Amino acid sequence: MAVASSLFSSGGGVFVPSPAARGPWDPGALHGGAPAALVAHLLESMPFDGPGRFTRLSVELLRPVPLDHLEVELRVVRAGRQVQWLEAGIDAAGRPVGRVQATRVRTLPGTNDAAPGPDAAPPPPEAGEVRAGPPGSDEGGFATDALELRFVRGEFGVAGPATTWFRFRFPVLDGAAASPFVLAAAVSDFGNGIANALDWNAYTFLNADLDLHLERAPEGEWLASEAITCLAEDGTGVAHARLHDRRGPVGRASQSLLVVPRSG
C-alpha cells in the first residue's frame, strides 16, 4: 500500500499526484475519481454569496489523465444570486485532459422537513467486507491506497451489481481533509469498476465521463455506491449508481462507457 500525506500536492501553480491516484487501466494514468476529487476540492474554495451547496458535478475525461504535473484553471461562468455555475479545465503538458462543470445552489434551511427514512441506506460499512482490489492493482492505486472500500454486495472482478462503502484514507490536497462532497466526486467514478459486467482480463470498460447529482448534502466520512452496469451490443454502455450516506440516499452518479476487447 502506497503511503502518502495527501493524494495531491501543490506548488508553483501545478498539482502533483501521488502514486495512490493511479487507475486500473494504465499504470501511467490516474483513476478518474482522483482528478474529480481534486477539482471538487478546489471548487469548494470558490466564493459564493450566501449559504449554498453543490448539486451537480460533471467531468469529461478528454484523454487519459497522466500521473504527472497537472494545471487546473477555475472559472465562474455566471454568479447568480440564487445559482452559481462554475467551470474548470485540467491540463497536462500543455494539453487539455479534462473539463468540469458544476452547479452550486443557494440553500434555505427549514424550507423542507422531508428526510430520508432510517432504513433507506444499505447495511452500514461495519457490516461490509474488505475485498481484494481490482485485477492488476498489485502495485497499488486509487482503489486500494487512497480509499478504504467495504463491500456489502459483490466484489471486484465478479460480474453483477455491487454495493460498496468508501472513505478516504488520507487528505486530498496539501493535508486538507476531504469533504463529503469531494468524497462523492471520487465515488462517482467507481460504478463501472465495482459493478463490472465483463471479464477484466478480456475487456477494458473505461468511462469517458462522470456525472453526479446530489439531492441533499452528504454527511460523514463514509459514502456507499449501489451500482449496476448496463451494456449495449455495440460496445457502449452506462454505469448507474445510487449514492448513500448513513442517513439514506443522497444522489445519483452515472458514467458513459466504452468497451474494448483486450488484444492478445
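Residues numbered from 1 in each chain as written. Predicted model: local features only at pLDDT ≥ 70, side-chain atom pairs only at ≥ 80, totals over all residues. Heavy atoms only, no water.

Enquirer: Please clarify how the overall build of the chain should be interpreted in this entry.
Expert: The helix and strand inventory of the chain stands at four helices and 13 strands. Taken over the C-alpha atoms alone, the chain extends approximately 55 × 50 × 40 Å along its principal axes. Out of the 264 residues in the chain, the part that is buried amounts to 49%. Pairs at least 24 residues apart make up 67% of the contacts formed inside the chain by residues separated by at least 6 positions. Of the accessible surface of the chain, which amounts to about 12,300 Å², a share of 51% is contributed by carbon and sulfur atoms. Distance between charge centroids for the chain: 6 Å, based on 22 positive and 30 negative side chains. (Helix = DSSP H or I, 4+ residues; strand = E, 2+ residues; numbered from the N terminus. Buried < 20%, exposed > 50% of the residue type's maximum accessible area, 1.4 Å probe, protein only. Contact = heavy atoms within 4.5 Å. Areas by Shrake-Rupley, 256 points an atom, 1.4 Å probe, with all protein chains shown as cover. Lys, Arg positive; Asp, Glu negative; His and termini not counted. Charge placed at Lys NZ, Arg CZ, Asp CG, Glu CD.)

Enquirer: Help me out: how do you make sense of the pattern of salt bridges in this one?
Expert: In a structure, side chains of opposite charge can pair up when their charged atoms sit close to one another. Counting across every chain of the model gives 11 salt bridges. The salt bridge involving glutamate 148 is made with arginine 150; its shortest N-O contact spans 2.8 Å. Side by side, glutamate 148 and arginine 150 carry an identical accessibility label, which is buried. Across the pair glutamate 148 and arginine 167 runs a salt bridge, and its minimum N-O distance is 2.8 Å. Linking glutamate 148 in strand S7 (residues 147-153) with arginine 167 in strand S8 (residues 162-168), this pair joins segments that are 19 residues apart in sequence. In the salt-bridge network here, residues are joined through shared partners; they are Glu148, Arg150, Arg167 and Glu221. (Salt bridge = Lys/Arg side-chain N within 4 Å of Asp/Glu carboxyl O.)

Enquirer: Is there a simple way to explain the side chain of histidine 41 in this structure?
Expert: Among the secondary structure elements, histidine 41 is positioned in helix H1 (residues 33-44). We classify histidine 41 as buried; its relative accessible area is 16%. Leaving out residues up to four positions away in the same chain, histidine 41 has contacts with Leu173, Ala176, Ala177 and Val182.

Enquirer: Looking at this structure, how should I read a nonpolar patch on the surface?
Expert: Residues Leu206, Leu258 and Val260 make up a contiguous nonpolar surface patch of about 220 Å² in total accessible area. With respect to the secondary-structure elements, valine 260 resides in strand S13 (residues 248-261). (Patch = residues over 30% accessible without salt bridge, like charges linked within 9 Å, V, L, I, M, F, W, Y side chains within 5 Å.)

Enquirer: I would appreciate a short explanation of the layout of surface pockets in the present structure.
Expert: If a probe as big as a water molecule is rolled over the atoms, it shows which places are left empty. Counted as a void, the largest pocket has a volume near 440 Å³. If you trace the largest pocket, you find 25 residues lining it, with Trp25, Leu30, Gly32, Leu206 and Asn207 closest to the centre. Of all the secondary structure elements, the ones that give two or more residues to the lining of the largest pocket are helix H4 (191-194) and strand S9 (203-207). (1 Å grid on protein atoms, 1.4 Å probe; cavity = no way out; pocket = protein on both sides within 12 Å on 5 of 7 lines; lining within 4 Å. Points joined across faces, edges and corners; volume = space filled by probe spheres on them.)

Enquirer: I keep staring at the nonpolar core and nothing clicks. Help me out?
Expert: Note on soluble globular proteins: their nonpolar side chains tend to be buried together. Formed by 65 residues in total, the largest nonpolar core has its most connected members in Phe8 and Leu57. The leading source of residues in this core is H1, at eight residues. With residues near it in sequence (within four places) discarded, phenylalanine 8 still touches Phe15, Val16, Pro17, Leu30, Ala34, Pro35, Leu38, Leu70, Val172, Leu173 and Asp174. (Core = buried A, V, L, I, M, F, W, Y, C linked by side-chain atoms within 4.5 Å.)

Enquirer: Which parts of the structure should I look at to understand unusual backbone geometry?
Expert: A negative phi angle characterises most non-glycine residues, just as the trans form characterises most peptide bonds. Although it is not a glycine, alanine 93 adopts a positive phi angle of roughly 55°. Summarising the element assignment, alanine 93 is placed in the loop between strand S5 (83-92) and strand S6 (95-106). We classify alanine 93 as exposed; its relative accessible area is 81%. Unlike most non-glycine residues, aspartate 174 shows phi in positive territory, near 50°. Among the structural elements, aspartate 174 can be located in the loop between S8 and helix H3 (180-187). Overall, aspartate 174 belongs to the partly exposed group, its relative accessible area being 46%.

Enquirer: How do you make sense of empty space enclosed by the protein when you look at a structure like this?
Expert: Tallied over the full model, the rule gives one cavity of 30 Å³ or more. Taken as a whole, the largest cavity spans an internal volume of roughly 60 Å³. Forming the walls of the largest cavity are 11 residues, and the residues nearest its centre are Arg22, Pro134, Gly141, Phe142 and Ala143.

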